[in-house]
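This is what each chain is made of:
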Amino acid sequence: MAQADVPSASRPELAERELWVAWRSSGDEDARARLLDLHLPYARVVAASYYAKRRNNEIEFGDYLQFSSIALVDAANRYDPSHGVQFRTFAARRMHGEILDGIGRMTEKQQQIAAQERLLKERRDEVRSMALERSQGTGVSDKVLDFVAEAGLAFALGWLLEGTGLIQSGEDEGALSAYASTEVRQLAERIASLVKGLPAQERRVIHGHYFHQRRFDEIAAEMDLSKGRISQIHRSALARLRGSLKPRGLLDGA
């Protein structure tokens, strides 16, 4: 790159304006780096102002600073000093927008992860409850093996169906293509078809819990039933699905 009129480490007295001229006219990366170093403290101040207003500690200050720094780099790449606007005024809007959007994305992702963890916990609790009921007064027997099969099916349903939109989209081929195995695609199609054939209450519980990732208490409120009753319906649906899959040799695959 051209080095004429380019500021260097040996000439620190050059003003910021000359650094901008060197960067905008000659594309000098050294000038750009010095400009970023010059304004990085301001990016930190902006990040700190948002961090101070945080509602919880789930997102660290480093994330706020990262978003602010990304906006600083973008602003430096776009800024034209000939327009007469101060760089920090120009950069501030981008910093504010990037921080708000970035934190919003992270918060939404954290909420999704938290919701998924709650669903998995509820599913684990359901499995434990099923285990206790099946094991009372018995040793290891066919009942226990039946429980293991139903528990496995509960988690297999979550893996196969959650997020695929099979019921909503009529077993959309685009959703199924995410599965690498033909056998898995066929199993997902089969289960989706069986879910459609469940009695109304069972279908509604399976649909709400696995396809829309809703907790049992939410489904209970919507159906005006107790959470315990929803749990019973859920277990009945699992047993019905297991019974429908077993004759075709698909239970092991689940």
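Note that the coordinates shown come from a computational prediction; the quantities given were computed from them, not determined experimentally.

Cut-off values and rules
Along each chain, residues carry numbers from 1 onward, in the same order as the chain's sequence is written. Restriction of local features to residues with pLDDT of at least 70 applies here, the model being predicted, together with a cutoff of 80 or more for giving and counting side-chain atom pairs; totals for whole chains, interfaces and linings are based on all residues. Remark: hydrogens and water are excluded; side-chain values derive from all non-hydrogen atoms of the structure. Numbering of helices and strands runs from the N terminus; a helix is a DSSP stretch of H or I covering at least four residues, while a strand is a stretch of E covering at least two. To sort residues, take the accessible area from a 1.4 Å probe on protein chains only and compare it with the maximum for the residue type: under 20% means buried, over 50% means exposed, and anything in between is partly exposed. Method for areas: the Shrake-Rupley scheme with a 1.4 Å probe, in which residue coverage is limited to the protein chains shown. To pair, rings of Phe, Tyr and Trp, with the six-membered ring standing in for Trp, must have centres within 6.5 Å; the planes then decide the type, stacked if under 30 degrees apart, edge-to-face if over 60, and tilted in the middle. Look at NZ for Lys and CZ for Arg. If either is within 6 Å of the ring centre and within 35 degrees of the ring normal, a charge sits over the ring. By convention in these notes, a salt bridge is any Lys or Arg side-chain nitrogen within 4 Å of a carboxyl oxygen on Asp or Glu. Any two residues whose heavy atoms approach within 4.5 Å are treated as being in contact. Note on method: axes are straight lines fitted to C-alpha atoms, helices fitted across the in-contact stretch only, with angles between N-to-C directions ranging 0 to 180 degrees. Oblique is the label for any angle not under 35 degrees, not over 145, and not in the 65 to 115 range, which are roughly parallel, roughly antiparallel and roughly perpendicular in turn. Handedness of a helix crossing follows the sense of rotation of the near helix relative to the far helix, less than a right angle counterclockwise being left-handed and clockwise being right-handed. Basically, the charged four are Asp, Glu, Lys and Arg, the nonpolar ten are Ala, Val, Leu, Ile, Met, Phe, Trp, Tyr, Cys and Pro, and anything else, Gly included, counts as polar. Take the buried residues of types Ala, Val, Leu, Ile, Met, Phe, Trp, Tyr and Cys, join any two whose side-chain atoms come within 4.5 Å, and each joined set is a nonpolar core. Summary of the metric used: pLDDT quantifies the predictor's per-residue confidence within the range 0 to 100.

Asks: Would you mind showing me how to read the overall build of the protein chain here?
Replies: Of regular secondary structure, the protein chain possesses eleven helices and zero strands. Overall, the protein chain shows an N-to-C arrangement of helices and strands of α-α-α-α-α-α-α-α-α-α-α. A burial count over the protein chain gives 36% of its 254 residues as buried. Element-wise, carbon and sulfur atoms account for 50% of the exposed surface of the protein chain, whose accessible area totals about 14600 Å².

Asks: So what exactly am I meant to see when it comes to the packing of aromatic side chains here?
Replies: For any pair of aromatic rings, the description rests on two quantities: the centre-to-centre distance and the angle between the ring planes. Tallied over the full model, the rule gives six aromatic pairs. With centroids separated by 5.4 Å and ring planes inclined at 75 degrees, the aromatic side chains of Tyr51 and Tyr64 adopt a geometry described as edge-to-face. Pair noted here: Tyr51 is in helix α2 (residues 29–51) and Tyr64 is in helix α3 (residues 61–78), with a separation of 13 residues, a long-range link. Classification of Tyr51 by relative accessible area gives partly exposed; the value is 23%. Taking 5.2 Å as the distance between ring centres and 70 degrees as the angle between the ring planes, the aromatic pair formed by Tyr79 and Phe87 counts as edge-to-face. Residue classification places Phe87 among the buried positions, given a relative accessible area of 4%. Three or more aromatic residues joined by ring pairs make a cluster, and in this case those are Trp20, Tyr79, Phe87 and Phe90. Lying over the aromatic face of Tyr50, Lys53 brings its terminal NZ or CZ to 5.8 Å of the ring centre. Its end group placed over the ring of Tyr51, Arg54 keeps NZ or CZ at 3.8 Å from the ring centre.

Asks: When you look at the pattern of salt bridges in this model, what are you seeing that I'm missing?
Replies: Within this structure, the stated rule accounts for nine salt bridges. For the salt bridge of Glu29 with Arg32, the shortest nitrogen-to-oxygen distance reads 3.6 Å. You can see Glu29 and its partner Arg32 sitting in helix α2, three residues apart, about one turn around the helix. Via salt bridges that share partners, Asp74, Arg78 and Arg94 belong to a single interconnected network.

Asks: What exactly am I supposed to notice about the environment of Trp23 here?
Replies: Its location among the elements puts Trp23 in helix α1 (residues 16–26). Relative accessible area serves as the criterion here: at 12%, Trp23 is assigned to the buried category. Put simply, Trp23 and Asn77 are 54 residues apart on the chain and 9.1 Å apart in space, counted from C-alpha to C-alpha. Those residues in contact with Trp23, other than ones at most four positions away along the chain, are Asp28, Glu29, Ala31, Arg32, Leu35, Ala76 and Asn77.

Asks: Can you walk me through the environment of Tyr79 in this structure?
Replies: Examined against the element boundaries, Tyr79 turns out to sit in the loop between α3 and α4 (87–135). Between the C-alpha atom of Tyr79 and that of Trp20, which follows or precedes it by 59 residues, the distance is 8.9 Å. Those residues in contact with Tyr79 that lie beyond four places of it in its chain are Trp20, Arg24, Val85, Gln86, Phe87 and Phe90.

Asks: Before we go on, may I ask you to explain the packing of helix α9 (residues 200–211) against helix α10 (residues 216–223) in this structure?
Replies: Describing two packed helices takes the angle between their axes plus the distance from one axis to the other. α10 packs onto α9 with a crossing angle of 135 degrees between their chain directions and a minimal axis gap of 10 Å. It follows that α9 is oblique to α10 by the angle criterion. Regarding α9 and α10, the two cross each other, and that crossing is right-handed. The residues of α10 that touch α9, namely those facing Gln201, Arg204, Val205, Gly208 and His209, are Phe216, Ile219, Glu222 and Met223. Per-class residue counts for the contact of α9 with α10 are four nonpolar, three polar and two charged.

Asks: I keep staring at the nonpolar core and nothing clicks. Help me out?
Replies: Generally speaking, nonpolar side chains in soluble globular proteins are found buried as a group. Counting 25 residues, the largest nonpolar core has Trp20, Tyr64, Leu72, Phe87, Met95, Ile99 and Ile103 as its most contacted members. Breaking this core down by element, the ones donating at least two residues are α1, α2, α3 and α4. Leaving out residues up to four positions away in the same chain, Met95 has contacts with Tyr42, Ala43, Val46, Ser68, Ala71 and Leu72. Listed in part, the eleven residues of the second largest apolar core include Val195, Leu198, Ala237 and Leu238.

Asks: Would you mind going over the confidence of the model for the protein chain with me for this structure?
Replies: Mean pLDDT over the protein chain stands at 74; residues scoring 70 or higher make up 65%. Element-level pLDDT for the protein chain is lowest in helix α6 (residues 166–169), with a mean of 40, against a maximum mean of 93 in α2. Below a pLDDT of 50 lies the segment residues 6–10, which in the model reaches 13 contacts outside its immediate sequence neighbourhood of four places, other chains included. The low-confidence segment residues 138–149 (pLDDT under 50) makes ten contacts with residues lying over four places distant or belonging to another chain.

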